[in-house]
Amino acid sequence: MRRRAVDFRRPVRRRYSNVFLLTLCGLVILLFIVLLSQDKQTKSRSPISQKSFRNRVTETLNITEEMLSPNSITRQLSDQISLAKAFVVIAKESNNLQFAWELSAQIRNSQVLLSDAAIRRSPLSTGESETAIRDMALLLYQAQQLHYDSATMIMRLKAKIQSLEEQSNAVSEKSSKYGQIAAEEVPKSLYCLGVRLTAEWYKSSTIQRQLTEGRRIAAKLTDNNLYHFCVFSDNILATSVVVNSTALNSNAPEDIVFHLVTDEVNYAPMKAWFSLNSFRGVTVEVQKFEDFSWLNASYVPVLKQLQDSDTQNYYFSGNNDNGRTPIKYRNPKYLSMLNHLRFYIPEVFPELKKVVFLDDDVVVQKDLSPLFSISMNSNVNGAVETCMETFHRYHKYLNYSHPLIRTHFDPDACGWAFGMNIFDLVEWRKRNVTGIYHYWQENNVDRTLWKLGTLPPGLLTFYGLTEPLDPKWHVLGLGYTNVEPELIEKGAVLHFNGNSKPWLKIGMEKYKPLWDKYVDYTNTLMQQCNVH
């Protein structure tokens, strides 16, 4: 048989084996697995790569080196900002608010550039900071043209400081004046109390009967076996607190005698008050200094000075030195006989041998009878010393440029306080202490030895004649400063010295309860006068 031609043959069907197909599928799957595993490895390595990248970037921006570098743009911008801030203050002081606003705006622009550089952690380039540096430089140059340089700044600051000091001195002087006025005022309630007590004095027969009975105890007033206290005051309520607190804290109130001396105006109400009220059996005597015949200008230097026109102008006009002298030095109370009567105690009580002097702004919270058994070692005045380091020493009270002071007294001698003093009147008379006081008072007519008060002449008068007492007997400062609670608790006599008296509105609130507890606010007259 003949074969067909080649062109007419049937195409032969190619067959692929199953093995070949399986092999091909396996290769595809294997390739897929390889690609998948490589992608996971790339992702797992990504954080490490990013971290190392950030570290490399951070290493390129060392802030310390950048700021210390003399060519640092960051440092240059920071210096400009600091200088511009100073000029902003000066511009505002000069009332050039427009220029101050321009400087502030440029400061903010420069701060934005520095903030962006810190966020991206790369140094500032010259290109991006050139405009900001140039604009700031122009403003700083303009500030210099306005004389906002360092020298001008110093001069203006000095002028500002001087102005503030003058304002401060003016405010301080006003505060002192108003504080002094507030301290010297008589509250309406106390004035009312005095008026009502005066009315009671003249209309009440009960008071007269009590005065008749009082004559029976006159012997107590000169009995040196009893405990004698004296208070010189025109303040009825304050004096009442002194007497009441002493009586309530005494172990033997019936052995206590209070000698009160006031003036003509307050004599009747003072007598009425202490006649109408009982103080645990304490004996109370009330006198007025106008009845002392020996108290006259020929004997008392203070009364003689009151007759001098210069003294009257100094204390009562206040216009002869253009206000150079502080108002506290011009207080007429320093010429009051009630204030100076402490230097005449032997004359006031000629038959007494020992007496405790109390100011009217004290509160007694311990038994004071042990004071009378303290050895005075031949001294006249028993007092608590107040010197702490250089405070309250003689040179703080006296004028040591004066030869009389400089040659007679040690400037570092320790000061002491009036307010609670025990006086040996026998030694007083023996040493003529009142005569010593007269000598120094007469030498201070021109106020060149000391300026004010009774303490400086007291320091001179009792120099070398003062016996130091335990500080617990007399705690001071409750009228002007903070006092340690431990001292208050242990103190026998608490002294509200200073302007903030407890009966005034300006009194220190935290110490008022120490005084208030000895005031009988339930008293009818007190309620009628709204004393609270």
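What you are looking at is a predicted structure, and each value in this text was computed from that prediction instead of being measured. (Residues numbered from 1 in each chain as written. Predicted model: local features only at pLDDT ≥ 70, side-chain atom pairs only at ≥ 80, totals over all residues. Heavy atoms only, no water.)

Details of the overall build of the chain
Spelled out, the test is: By the criteria applied, helices consist of DSSP H or I runs no shorter than four residues and strands consist of E runs no shorter than two, each listed in order from the N terminus. Residue burial is assigned from relative accessible area. The probe radius is 1.4 Å, only protein chains are included, and a residue is buried under 20% of its type maximum, exposed over 50%, and partly exposed in between. Any pair of residues with heavy atoms lying within 4.5 Å of one another is described as a contacting pair. Each accessible area is a Shrake-Rupley estimate made with a 1.4 Å probe; only the visible protein chains count as cover when residues are assessed.
The secondary structure content of the chain amounts to 21 helices and nine strands. For the chain, buried positions account for 43% of its 532 residues. Partitioning the contacts of the chain with sequence separation of at least 6, the portion at a separation of at least 24 is 74%. For the chain, the computed accessible surface area is about 31000 Å², with 54% contributed by carbon and sulfur atoms.

Topic: the sheet that holds strand β6 (residues 381-383)
Put simply, the test is: We treat two strands as partners when DSSP finds at least two bridges between them. In this analysis, axes come from line fits to C-alpha atoms, helices being fitted only over the stretch in contact, and the angle between any two N-to-C directions falls in the range 0 to 180 degrees.
Read across the open sheet, the seven strands follow the order β3-β2-β1-β4-β7-β6-β8; overall the sheet is mixed. At either end of the open sheet lies a strand with only one pairing partner, and these are β3 (283-288) and β8 (466-468). Ignoring which end each strand starts from, the neighbouring axes of this sheet average 25° apart. As paired elements, strand β4 (residues 354-358) and strand β7 (residues 420-424) share five bridges and run antiparallel to each other. Its bridge partner being in β7, L358 is matched across the sheet by M420. Together, β1 (227-232), β2 (256-262), β3 and β4 form the strand contacts of helix α9 (residues 236-248), whose direction differs from that of β2 by roughly 175°. The strands touched by helix α10 (residues 264-276) are β2 and β3; relative to β3, the strand with the most contacts, the crossing angle is about 165°.

Observations concerning a nonpolar patch on the surface
Formally: Patch membership is restricted to residues that have no salt bridge and whose relative accessible area is over 30%. Joining uses 9 Å for like charges and 5 Å for the nonpolar side chains Val, Leu, Ile, Met, Phe, Trp and Tyr. The working definition used for a salt bridge is a side-chain nitrogen of Lys or Arg within 4 Å of a carboxyl oxygen of Asp or Glu.
Nonpolar side chains collect at one region of the surface, where V186, Y191 and V195 lie side by side and expose about 330 Å² of accessible area between them. By secondary structure assignment, the location of V195 is in helix α7 (residues 188-203). Judged by relative accessible area, which is 45%, V195 ranks as partly exposed.

Side note on the nonpolar core
As a reminder, the rule being used: Put simply, buried Ala, Val, Leu, Ile, Met, Phe, Trp, Tyr and Cys residues joined by side-chain atoms within 4.5 Å make one nonpolar core.
Grouped together as the largest cluster of nonpolar side chains are 59 residues, with contacts concentrated most on F258, L358, L371 and L478. Not counting residues within four places of it along the chain, the set of residues in contact with L478 comprises V483, I488, L494, H495, F496, N497, S500, M508, Y511 and L514. Judged by nonpolar contacts, the second largest core, of 44 residues, contains L295, V302, F357 and L449.

A few points about the state of the cysteines
A disulfide bridge is the covalent bond that connects two cysteines by way of their sulfur atoms. For the record, the criterion: A pair of sulfur atoms, both from cysteines and within 2.5 Å, is called a disulfide here.
Inspection of the entire model under this criterion finds two disulfides. Between the sulfur atoms of C192 and its disulfide mate C529 the distance is 2.1 Å. Taking the sign of the S-S torsion, -70° for the link of C192 and C529, the bridge is left-handed. Highlighted residues: C192 in helix α7 and C529 in the segment after α21 (524-528), separated in sequence by 337 residues. For C529, a relative accessible area of 5% translates into the label buried. Shown here for the chain is a disulfide pattern of 1-4, 2-3, where each number marks a bonded cysteine counted in sequence order.

Observations concerning the pairing of β3
Which entries qualify depends on this criterion: Crossovers are marked right-handed if the path from the first strand over the helix to the second runs clockwise, as seen with the strands pointing away from the viewer.
Counting buried positions along β3 yields five of six residues, so the element is predominantly enclosed. Relative to β3, β2 is paired through six bridges, and the arrangement is parallel. Each bridged residue has a counterpart across the sheet, and for L260 the counterpart in β3 is V286. Each parallel crossover has a hand, and for β2 linked through α10 to β3 it is right-handed.

Looking at unusual backbone geometry
For N432, which is not glycine, the phi torsion reads 50° and is therefore positive. Among the structural elements, N432 can be located in the loop between α16 (425-431) and α17 (433-442). Classification of N432 as partly exposed rests on a relative accessible area of 48%.

Let's talk about α7
The test is simple: Helix span, as expected, comes to 1.5 Å for every residue beyond the first. Working definition: the arc comes from the directions between the helix axis and the C-beta atoms, pointing outward to the latter.
Between the first and last C-alpha of α7 there are 23 Å, a value that for 16 residues agrees with the 22 Å anticipated at 1.5 Å per step. Turning to α7, its buried residues number three or more, namely S189, L190, L193, G194, L197 and W201. The buried residues of α7 occupy one face: seen down the axis, they fall within an arc of 140°. Among the exposed residues of α7, those pointing more than 90 degrees away from its buried face are K188, Y191, Y202 and K203.

Quick notes on the pairing of β4
Within β4, four of the five residues are buried, which leaves it mostly tucked inside the rest of the structure. Here β1 pairs with β4 via two bridges, running parallel. Looking at β4, one finds that F229 is bridged to V356.

A short note on the confidence of the model for the chain
Regions with low pLDDT should not have their predicted coordinates read in detail. Quick reminder of the rule: Per-residue confidence from the predictor is reported as pLDDT, a score between 0 and 100.
This prediction gives the chain a mean pLDDT of 83; 77% of its residues lie at or above 70. Note on residues 1-16: pLDDT under 50 across the span, and one contact to partners over four residues away in sequence or across chains. Contacts from residues 42-59, a stretch scored under 50 in pLDDT, to residues over four places away or in other chains number three contacts.

Looking at the environment of S378
Tracing the sequence through the fold places S378 in the loop between β5 (362-364) and β6. Along the backbone, S378 and E427 are 49 residues apart, and their C-alpha atoms lie at a distance of 6.8 Å. Apart from the residues lying within four places of it in its own chain, the contact partners of S378 are E427 and R431.

Some details on the packing of helix α3 (residues 73-93) against helix α4 (residues 97-120)
Worth spelling out the cut-off: Roughly parallel covers angles under 35 degrees, roughly antiparallel covers those over 145, roughly perpendicular covers 65 to 115, and oblique covers all other angles. Here a crossing is called left-handed whenever its near helix is offset anticlockwise from the far helix by less than a right angle, and right-handed whenever the offset is clockwise. For this scheme, ten residues count as nonpolar: Ala, Val, Leu, Ile, Met, Phe, Trp, Tyr, Cys and Pro. Four count as charged, namely Asp, Glu, Lys and Arg, and the remainder, Gly too, count as polar.
For the pair α3 and α4, interaxial distance at closest approach is 9 Å and the crossing angle is 160°. If you check the angle between α3 and α4, you find them roughly antiparallel. Of the two possible hands of crossing, α3 and α4 adopt the one that is left-handed. Within the contact between the two elements, α3 uses T74, L77, S78, I81, A84, K85, F87, V88, A91 and K92 and α4 uses L97, F99, A100, L103, S104, I107, S110, Q111, L113 and L114. Split by residue class, the contact of α3 with α4 holds 13 nonpolar, five polar and two charged.

Some remarks on the side chain of E427
The residue E427 is located in helix α16 in this model. Leaving out residues up to four positions away in the same chain, E427 has contacts with S378, N379 and V380.

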